[in-house]
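Fold and contact review
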Amino acid sequence: MTVAILNLPTLKAIKNSVIGNRTAKTTLGREEKYVAQLIACVHEPSSIADLEGTTETELRVEAAHIIASLSYGSREALGMLLQLSALQTLVYAISTFQPSDPPVLRSALTRAVRALAAAIADAVGPPQWGLAPTVSDVRAEAKIALDFLFQPEVLDVYMPLLLDSSPQVNAAIAQLIYVATRSAEHRAIVQEWCPPAERTREAKGKRGWERRDTTTSPTRQGGWMGKTLASLLQRRDIKLQESALLALSCIAKDSVSLARRLAKAPLGTESVLSMALNLAKARNIDLQLAASLCVTNILRACVSSSPDAPVLPAEQTTAITIMHVLSRIIGSETASNNARTRACFTLYHLVSDNRVFCQLAFERNSLSTVANLINKITPIEKSADDEEDEPESVSRLREAALTAVAAISLLDTNIRTTVTDDLRLIPAIQASLNNPYVGVRYAACQCARALSREVSALRTNIVDTGLGLAVFQLFMKEDEDRQVMYASSAVICNIVVNLSPLQTTLLEQGVIGRLVQLLLADDNDLKLNALWAFKNLLYKATSELKHEVIRTIGWDRIKTLAKDPDTRLQEQIYHMMRHVADGEGDVEFLTSDIGGTGELLGILAQAMESDNEDVVLQVSPCSESPLKCIPSCILRNILAHSRILGRMRDCLVDAKVEIRRPAVSCVLELARQNPRSFRELHDAGIDATLRHMLEHTHVSASPTLRFAAGRQMGAEDDLEVQDKARQALHWLEQAQLNRETDV
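Residues numbered from 1 in each chain as written. Predicted model: local features only at pLDDT ≥ 70, side-chain atom pairs only at ≥ 80, totals over all residues. Heavy atoms only, no water.

1. With respect to the overall build of the chain
Counted only if it meets this: Going along the chain from the N terminus, every DSSP run of H or I of four or more residues is numbered as a helix, and every run of E of two or more is numbered as a strand. Each residue is assigned to one of three classes by its accessible area relative to the maximum for its type, calculated with a 1.4 Å probe on protein chains only: buried under 20%, partly exposed between the two thresholds, exposed over 50%. Whether two residues are in contact is decided by their heavy atoms, any of which lying within 4.5 Å being enough. A 1.4 Å probe and the Shrake-Rupley method give the accessible areas. Residues count as covered only by the protein chains that appear here.
Scanning the chain from terminus to terminus reveals 46 helices and zero strands. Taking all 743 residues of the chain together, the buried fraction comes to 55%. Expressed as a percentage of contacts within the chain between residues at least 6 apart in sequence, the contacts between residues at least 24 apart total 72%. In the form shown here, the chain has an accessible surface area of approximately 32600 Å², with 50% of it arising from carbon and sulfur atoms.

Next up, the structure:
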């Protein structure tokens, strides 16, 4: 396709040919010279185009429409736009706006920036809804362009257009904020932005020369953005309100301080949360969805991220309102698949990892509504040809619905039982494991993970229906998508436990070898799940199984993982070693197989010196639980290891109570089992530490005061620690008396 000259009829013909036509976009995207002319035409058409019978504005508008259309649907076209710096040219064109420029031009250029920014952000990721089917081959170039969009001087170009007189321009910029802001880093940049005039005013003190702390300015931290976008909600333009709500949902996400400001309002005014709740009841579905997402992100930012965090009655009422709106859309026969997909994902974001919200979704029939949808759109018996012909919109809807079910059922046994026994979703979940769409397989694995957390389900539904083995077969595929592999490995962590009827079958079919393969992957998340599965597999395992697992992994790899910079891997490898050493004879196997007692104690000492308390927590019981069955020669080596004893003393003083308990238990067992341990423990200062802990038990039990005392050995506020410290001190004092008597 080669076009010799640019003029208005040609541009209109090209526009009409590429809209909705991926093949035409790809063909045009390969014409570097012509695409370069289109981009140049956006800014200065007079130098390259035929202006006879037309104006520059008309040419610029048509060129902008074509670039916007080329952004989506063709990787070749997007790659060419990135190669030719189309985004930078569009931003420069916007920076030269004049008051006399007609609204149609301003609208066309800002919409082109929004469309190109959305395509670039999709190429970089993460996706706004669900999983991306593939990784873009222009991701590196797209990331550079996306970072350009969030540079301060570039933000100064397009952000002020939120105050433009044209509602179309306002909406385009608000949509730009929503579609382009995908990372926490970019979100923080947008929240902090305010107009240059505001920044200049902030920089001046009361006397003109004093500097203010701009980090506490009300215009920063989302203040200006929140106020400006909130003002757009008061306009009676539905598209503008929808765009403003989406932008607000974006900047409020995971931002506690901003969300709380949006949830409240000064006396006599209406809060953004209240306005969004009212708009969620509008007749327009897109407006309902935007308002629901805005309310969801504000609400979840205000509520603690802990699964068992309390939720205020007012917050529960707000959540119930949004659940009713979303359920109506999900259960609607007239709503589009795209709308129902967004509703399911919004429900997922609303309830995710919060026990109260999950229970509300269960009680208010949101779960049953989603389950009915899944069963309706998921044929249990379907040929491969039918799956290939399934519209992508249906696959994405199934992915969203399964994701919502997984979130709602994750934390509660009764909800999981309802999913398996009453709603009968297991056949649909199992059928979805073979779906060609990657997001559906991933979501089905998430459902299986949630259901397999229940032991009774493991012993009945998951085994009887074949769901467990179906997930295992997916897990064994070496060419499976990485995200699906991660989700399926999380299910394996649940079904290899010693109470699972599937454990023997999985061992016979090679689960150990496959997990070792994941340990070799260049992906710490996959390594983490593999170690988690091994940890569960080795809990109360036979000595034969322990020996097989350890020798299959190999001590060299175990030692390497124990030193990995990722402390999550360190924590799991030491937890796994705890399970290996929890039986008679296993400690001797551990010490002999690893290369001797000195080698093992050196590894444990290194872990006990870690700055990460989760790692230390796993090592402390490693020194405690097997002590009762450790041979006396190894006990003497522990008592002679100054690094371990010194770190044990430190743990008694300034560690959290979850570490102090096993640490004092270690001391108690060492003193009790070895009557001649006084000298070593005394030289390490442990007996003095125990005395100080018990002498100051009358001091305030405030955790803050106790932690502040730190190495000055303040009061011990935990009764269990006090009791064991008293017992340990008794044994040490008795050992001292015996020693003096012997002398």
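2. Thoughts on the pattern of salt bridges
The line we're drawing: Whenever Lys or Arg places a side-chain nitrogen within 4 Å of a carboxyl oxygen from Asp or Glu, that contact is recorded as a salt bridge.
Applying the stated criterion across every chain, the model contains 28 salt bridges. Between E76 and R30 there is a salt bridge, and its shortest N-O distance comes to 3.9 Å. Of this pair, E76 sits in helix 5 (residues 75-83) while R30 sits in the loop between helix 2 (22-29) and helix 3 (32-43), placing them 46 residues apart in sequence. For E76, a relative accessible area of 36% corresponds to the partly exposed category. Since its relative accessible area comes to 58%, R30 is described here as exposed. Among the ionic contacts, a cluster of salt bridges with common partners joins R661, D718, E720 and K724.

3. A look at the confidence of the model for the chain
We apply this condition: On a scale of 0 to 100, pLDDT captures the predictor's confidence in every residue.
Summing up the model confidence of the chain, the mean pLDDT is 87 and the portion of residues at 70 or higher is 89%. Counting contacts from residues 622-626, a segment whose pLDDT is below 50, to residues more than four positions away or on other chains yields 13 contacts. This model gives residues 698-713 a pLDDT under 50, and the stretch forms 23 contacts once residues within four places in sequence are excluded.

4. A closer look at helix 29 (residues 467-475)
The element helix 29 is largely enclosed, with a buried count of seven among its nine residues. Along helix 29, the residues classified as buried are L467, G468, A470, V471, F472, L474 and F475. The elements touched by buried residues of helix 29 are helix 25 (426-432), helix 26 (438-451), helix 28 (461-464), helix 30 (482-495), helix 31 (503-508) and helix 32 (511-519).

5. A closer look at unusual backbone geometry
G125 connects to P126 through a cis peptide bond whose omega is -5°. Considering the arrangement of structural elements, one finds P126 in the loop between helix 7 (103-124) and helix 8 (139-149). Phi at N365 is positive, roughly 70°, even though this residue is not glycine. You can see N365 is positioned in the loop between helix 20 (355-363) and helix 21 (366-377).

6. Considerations on the layout of surface pockets
The test is simple: In this analysis the probe radius is 1.4 Å and the grid spacing 1 Å, with only protein atoms considered; a cavity is a set of points the probe fits into but cannot get out of, a pocket is an open set with protein on both sides within 12 Å along at least five of seven lines, and lining residues have an atom within 4 Å of a point. Grid points are joined across faces, edges and corners, and a volume is the space filled by probe spheres set on the points. Residue classes follow a fixed rule: Ala, Val, Leu, Ile, Met, Phe, Trp, Tyr, Cys and Pro count as nonpolar, while Asp, Glu, Lys and Arg count as charged, and any other residue, Gly among them, counts as polar.
In this structure, the second largest pocket occupies an estimated 1300 Å³ of space. Forming the boundary of the second largest pocket are 38 residues, of which Q128, K253, Y348, H349 and S352 lie nearest the centre. Counting only elements with at least two residues in the lining of the second largest pocket, the list comes to helix 14 (238-252), helix 17 (285-302), helix 19 (337-351), helix 23 (392-409) and helix 26. Per-class residue counts for the lining of the second largest pocket are 17 nonpolar, 13 polar and eight charged.

7. Regarding the nonpolar core
Operational definition: As used in this record, nonpolar core signifies buried Ala, Val, Leu, Ile, Met, Phe, Trp, Tyr and Cys residues forming a set joined through side-chain atoms within 4.5 Å.
Counting 255 residues, the largest nonpolar core has L149, L162, M225, V351, F534, Y574 and L690 as its most contacted members. Residue contributions to this core peak at 13 residues, all from helix 7.

8. Concerning the environment of S489
Assignment of secondary structure puts S489 in helix 30. For S489 and L515, which are 26 residues apart along the polypeptide, the C-alpha to C-alpha distance reads 8.5 Å. Not counting chain neighbours up to four residues away, the residues in contact with S489 comprise F475, L518, L526 and N529.

9. Thoughts on the packing of aromatic side chains
Two measures describe an aromatic ring pair: the distance that separates the ring centres and the angle between the ring planes. Rule in force here: Two rings from Phe, Tyr or Trp (for Trp, the six-membered ring) form a pair when their centres are within 6.5 Å of each other. A pair whose planes differ by under 30 degrees is stacked, one over 60 is edge-to-face, and the rest are tilted. Lysine and arginine charges are scored as sitting over a ring when NZ or CZ, respectively, is within 6 Å of the ring centre and within 35 degrees of the ring normal.
Applying the stated criterion across every chain, the model contains three aromatic pairs. Ring plane angle 75° and centroid distance 5.1 Å describe the contact between W193 and W224, whose orientation is recorded as edge-to-face. Placement of W193 in the loop between helix 11 (184-192) and helix 12 (196-203) and of W224 in helix 13 (residues 223-233) is noted, with a sequence separation of 31 residues between them. A single burial state applies to W193 and to W224, both of which are buried. The side chain of R514 reaches across the aromatic face of F475, ending 5.6 Å from its centre. In this structure, K535 is placed above the aromatic ring of W532, and the distance from its NZ or CZ to the ring centre is 3.7 Å.

10. Some thoughts on the packing of helix 26 against helix 30
Counted only if it meets this: What counts as an axis is a line fitted to C-alpha atoms, over the stretch in contact for a helix, and the angles between N-to-C directions run from 0 to 180 degrees. To sort the angles, those under 35 degrees are grouped as roughly parallel, those over 145 as roughly antiparallel, those from 65 to 115 as roughly perpendicular, and the leftovers as oblique. Two helices crossing with the near one rotated counterclockwise from the far one by less than a right angle form a left-handed crossing, whereas a clockwise rotation gives a right-handed crossing.
Interaxial distance between helix 26 and helix 30 falls to 9 Å at its minimum, and their mutual angle equals 15°. One element, helix 26, and the other, helix 30, form an angle in the roughly parallel class. In this structure, helix 26 meets helix 30 at a crossing whose hand is left-handed. Here V438, R441, Y442, C445, Q446, A448 and R449 of helix 26 come into contact with helix 30, specifically with Q483, V484, A487, S488, A490, V491 and N494. Partitioned by chemical class, the residues of the contact of helix 26 with helix 30 number eight nonpolar, four polar and two charged.

11. A closer look at the packing of helix 13 against helix 14
Where helix 13 meets helix 14, the axes come as close as 8 Å, and the angle between the chain directions of the two elements is 155°. Regarding the angle of helix 13 to helix 14, the classification is roughly antiparallel. The way helix 13 lies across helix 14 gives a crossing that is left-handed. Taken together, the residues of helix 14 that come into contact with helix 13 (itself represented by M225, G226, L229, A230, L232 and L233) are L240, Q241, A244, L245, A247, L248 and I251. Looking at side-chain class alone, the contact of helix 13 with helix 14 contains eleven nonpolar, two polar and no charged residues.

12. Describing helix 44 (residues 686-695)
Formally: This arc corresponds to the set of directions leading from the helix axis out to the C-beta atoms.
Taken as a whole, helix 44 has its buried residues at I686, D687, T689, L690, M693 and L694. The arc that holds every buried residue of helix 44, seen down its axis, measures 160°, which confines them to one face.

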